[in-house]
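Working through the structure, step by step
Take a look at the letters that make up each chain.
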Amino acid sequence: MNTITVTFFKSNTFNEITWYMNIYFVGAYLRLYADDWSKRLSFSVKWLLIFVALSFLSIALLDVVGMRLHKGWAFSYYFMIDSSKILAFFVSIGVFLFFKNLPMRHSHFINVVAKTTFGVLLIHAHSDAMRTLLWKHLADVPSLLHASTPVLVLHAMIWAPLVFIVCSALDYLRICYLEPPVMNYIYKNSDAIETRTNRMILKLRMMGKRIREL
């Protein structure tokens, strides 16, 4: 639903977090309940290729329309850019199905890195301040607006893996050293925490009731 509202009604209600939640829920549904068609590697490859081709086609068509209407460069990528756009959604599902059906042996390293990916998103993209610091001041992306293609490719090949590695390492440290004591405390004191939380909620409700009565 949010993919439709964001794409065709320009809704600004949803952000990167809701986008990844949608992808997670759809992926979980396909993994648990979808029929045999979702388990075939050939199907996932065809799905991915079709929607990647449609994405390129949409960019080319909107680029032509944008030049005639004197739109900015971002207009060409309308169906792919930002969170929850419809073609980005279907390409993401294709990527998920492809790797789900790809015959791979168990890899401890991949599973460890996979646990940090949500942390990578939160660290580098969830805050406007962090995005400004990272991409504008550190990576200096705005200065590359008119750079040559080789420079752009080299810059992306350096900065994209570097950002992922650093953010993944930070979240791995959180998982190893911060999460265990915090979660152990919550488990041991869950009854007391629940009681205090309920008391706080009750006090807030009483305050709200008194305010309405004024």
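Let us look at the structure shown here. (Residues numbered from 1 in each chain as written. Predicted model: local features only at pLDDT ≥ 70, side-chain atom pairs only at ≥ 80, totals over all residues. Heavy atoms only, no water.)

**Here's the deal with the overall build of the protein chain**
Scanning the protein chain from N- to C-terminus turns up nine helices and zero strands. Secondary structure of the protein chain in N-to-C order comes out as α-α-α-α-α-α-α-α-α. Computed over the C-alpha atoms, the radius of gyration of the protein chain is 22 Å, more than 25% above the 17 Å expected from 2.2 N^0.38 for a compact globule of 214 residues. Considering only C-alpha atoms, the protein chain reaches an extent of 60 × 55 × 40 Å along its principal axes. Counting over 214 residues, the protein chain shows a buried share of 23%. Within the protein chain, residue pairs in contact and separated by at least 24 positions form 68% of the contacts whose partners lie at least 6 positions apart. Carbon together with sulfur atoms contributes 69% to the accessible area of the protein chain, which is approximately 16100 Å² in total. Computed over 22 positive and 12 negative side-chain charges, the inter-centroid distance for the protein chain is 3 Å. (Helix = DSSP H or I, 4+ residues; strand = E, 2+ residues; numbered from the N terminus. Rg over C-alpha atoms; globule rule 2.2 N^0.38 Å. Buried < 20%, exposed > 50% of the residue type's maximum accessible area, 1.4 Å probe, protein only. Contact = heavy atoms within 4.5 Å. Areas by Shrake-Rupley, 256 points an atom, 1.4 Å probe, with all protein chains shown as cover. Lys, Arg positive; Asp, Glu negative; His and termini not counted. Charge placed at Lys NZ, Arg CZ, Asp CG, Glu CD.)

**Quick notes on the pattern of salt bridges**
Overall, the coordinates contain three salt bridges when judged by the stated rule. For Arg-131, the salt bridge identified is with Asp-128, shortest N-O distance 2.2 Å. Separated by three residues within a single helix, Arg-131 and Asp-128 lie in helix α7 (residues 128-138), roughly one turn from each other. Put simply, Asp-171, Arg-174 and Glu-179 are held in one network by salt bridges that share partners. (Salt bridge = Lys/Arg side-chain N within 4 Å of Asp/Glu carboxyl O.)

**Some details on the environment of Pro-161**
Along the chain, Pro-161 falls in helix α8 (residues 149-188). The class of Pro-161 is partly exposed, set by a relative accessible area of 37%. Between the alpha carbons of Pro-161 and Phe-25 there is a distance of 27 Å; along the sequence they are 136 residues apart.

**Regarding α8**
The end-to-end C-alpha distance of α8 is 56 Å, a good match for the 58 Å that 40 residues give at a rise of 1.5 Å each. The axis of α8 is deflected most strongly, by about 45°, at Glu-179, and proline Pro-180 appears within four residues downstream. For α8, the secondary structure elements touched by its buried residues are α5 (108-115), α6 (117-125) and α7. (Expected span 1.5 Å × (residues − 1). Bend = angle between axes of the 7 residues up to and from the residue.)

**Some thoughts on the packing of aromatic side chains**
Throughout the structure, instances matching the rule amount to eight aromatic pairs. Look at Trp-37 and Phe-43: their rings are 5.1 Å apart centre to centre, the planes differ by 70°, and that puts the pair in the edge-to-face class. Overall, Trp-37 belongs to the partly exposed group, its relative accessible area being 32%. Pairing Phe-98 with Phe-99 gives two aromatic rings, centres 5.2 Å apart and planes at 85°, and the pair type is edge-to-face. Clustering of aromatic rings is evident, with ring pairs tying together Trp-37, Phe-43, Trp-47, Phe-51, Phe-89 and Phe-90. (Phe/Tyr/Trp six-rings, centres within 6.5 Å; stacked < 30°, edge-to-face > 60°.)

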